[in-house]
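Understanding the architecture of this molecule
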Amino acid sequence: ALRLQKKPFQIAIYSPLCGDLADELRGQGIVVVDNLDDLPFTPDLIHGHHHVETMTALLRYPDTPGIFVCHDGSAWHDKAPNFPRILRYVGVDLRCKNRLIKDLGTEKSVSVIHNSVDLDRFTKRSPLREKPKRAVLFSHYASSDTHLPCVKEACDRSGISLEVIGRASGNPVSAPESVLGNFDLVFGKARCAMEAMAVGCAVVLIDQKGCGPLVSPGNFERLRPLNFGRLACDQKLSPEAILTQLEQYSPENAQEVCRLAREKLSLDFMAKSFADLYTEVLAEWESGKADREPENLFVSRYLSGHFDYPWITQAKQAAAEIEHWKASAEAAHRSWADLSRKFGTLKKLRTLTR
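Attention here is on the structure that accompanies the text. Note that this is a predicted model, so its numbers are computed, not measured.

1. Comments concerning the sheet that holds strand E5 (residues 86–91)
Spatially, E3-E4-E5-E6 is the arrangement adopted by the four strands of the open sheet, whose pairing is parallel. Where the open sheet ends on each side, the last strands, each with one partner, are strand E3 (46–48) and strand E6 (110–112). Across the sheet, the mean angle from the axis of one strand to that of its neighbour is 25°, orientation sign disregarded. Where E3 lies against strand E4 (residues 66–70), three bridges are found, and the strand directions are parallel. Note that in E4 the partner of His-47 across the bridge is Ile-67. Across the face of the sheet, helix H9 (residues 267–287) comes into contact with E3, E4 and E5 while running at roughly 160° to E5.

2. Some words on the environment of Arg-191
In this fold, Arg-191 is placed in helix H5 (residues 190–199). The partly exposed category is assigned to Arg-191, whose relative accessible area is 33%. Spatially, the C-alpha atom of Arg-191 lies 17 Å from that of Asn-219, the residues being 28 residues apart in sequence.

3. Looking at the nonpolar core
Judged by nonpolar contacts, the single largest core of 41 residues is most densely connected at Ile-67, Phe-68, Tyr-89, Leu-100, Phe-274 and Leu-277. At the level of elements, helix H1 (20–26), strand E2 (31–33), helix H2 (51–60), E4, E5, helix H3 (94–104) and H9 are the ones that each hand at least two residues to this core. With nine residues, the single largest contributor to this core is H9. Dropping the residues within four chain positions of it, Leu-100 is found in contact with Phe-68, Cys-70, Ala-80, Tyr-89, Val-90, Gly-91 and Val-110. The next biggest cluster of nonpolar side chains, apart from the first, holds 29 residues, and it includes Phe-122, Phe-138, Phe-220 and Leu-260.

Rules used throughout
Residues numbered from 1 in each chain as written. Predicted model: local features only at pLDDT ≥ 70, side-chain atom pairs only at ≥ 80, totals over all residues. Heavy atoms only, no water. Pairing = 2+ DSSP bridges. Helix = DSSP H or I, 4+ residues; strand = E, 2+ residues; numbered from the N terminus. Axes fitted to C-alpha atoms, helices over the stretch in contact; angles between N-to-C directions. Contact = heavy atoms within 4.5 Å. Buried < 20%, exposed > 50% of the residue type's maximum accessible area, 1.4 Å probe, protein only. Core = buried A, V, L, I, M, F, W, Y, C linked by side-chain atoms within 4.5 Å.

Take a look at the structure:
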């Protein structure tokens, strides 16, 4: 939002929940609201992320086209709304692009705009030590129940001290750019990994479900379309897998990766890509090429079950379990009745025998 505001665009952000980040953005001149009625203008275009918020905005402004950006390959809230006024769908990596194609049933209007790093915030650190001494696991999901124990064991065996940044560990950091430069080695994925690369740290890609490589000049271009994310963490998670990557630590390689990151992962490039997409969408909308057939059918389908809400799934599962136990109870009742009849017949036979 801050970078697009310099293009110039008039930017406003809507989120049903606003916290410290909203206050920070307001302090820098960005309008942030938790109620669309409080927007100071009618938007020309809606840049949507998360389907409920996107649909809320599109239905509030019926004459405004939109785009939808998917940041997650599996989360329920990133399922793409197949809505006629969404003219473009954007994935931040190959995994998200494939999810969009699956959600929509077509590749039409689907593209990729990669994540980026604000290079003004994440500045270069001094050159790395010849051997790593300090490492950080940079993840909101790192805990004793996920990948932290494996990383900790690998670091202990290598004589490297480890710290953890993220919500699950109870140590969230609102300004990671202020601390990343203190570490030689960073364990993380996706944007966390990209920010660490741009600072000049050596980076081992890791996820709660798998281990990836240490990022090097030789694998940078292969990992970029994967967003340095989950698809890149394709090895079985173990201390041994992590130790194999630590053996490839090289200050010279980290310095070259930093150069590549600062050349290819710039926020300026991402902002320009979105600005160009906005221009393209608005031109198509104004020319009348967009499909403006009645939307009531789409809204009805959207609200009546084309989307698989987790709580609906849970309710369906609970109903299925109730039906299972009900059927089991009915079967037990029939068995009991059958046994009772047989027992009654047996009593009559015993009486006749006497």
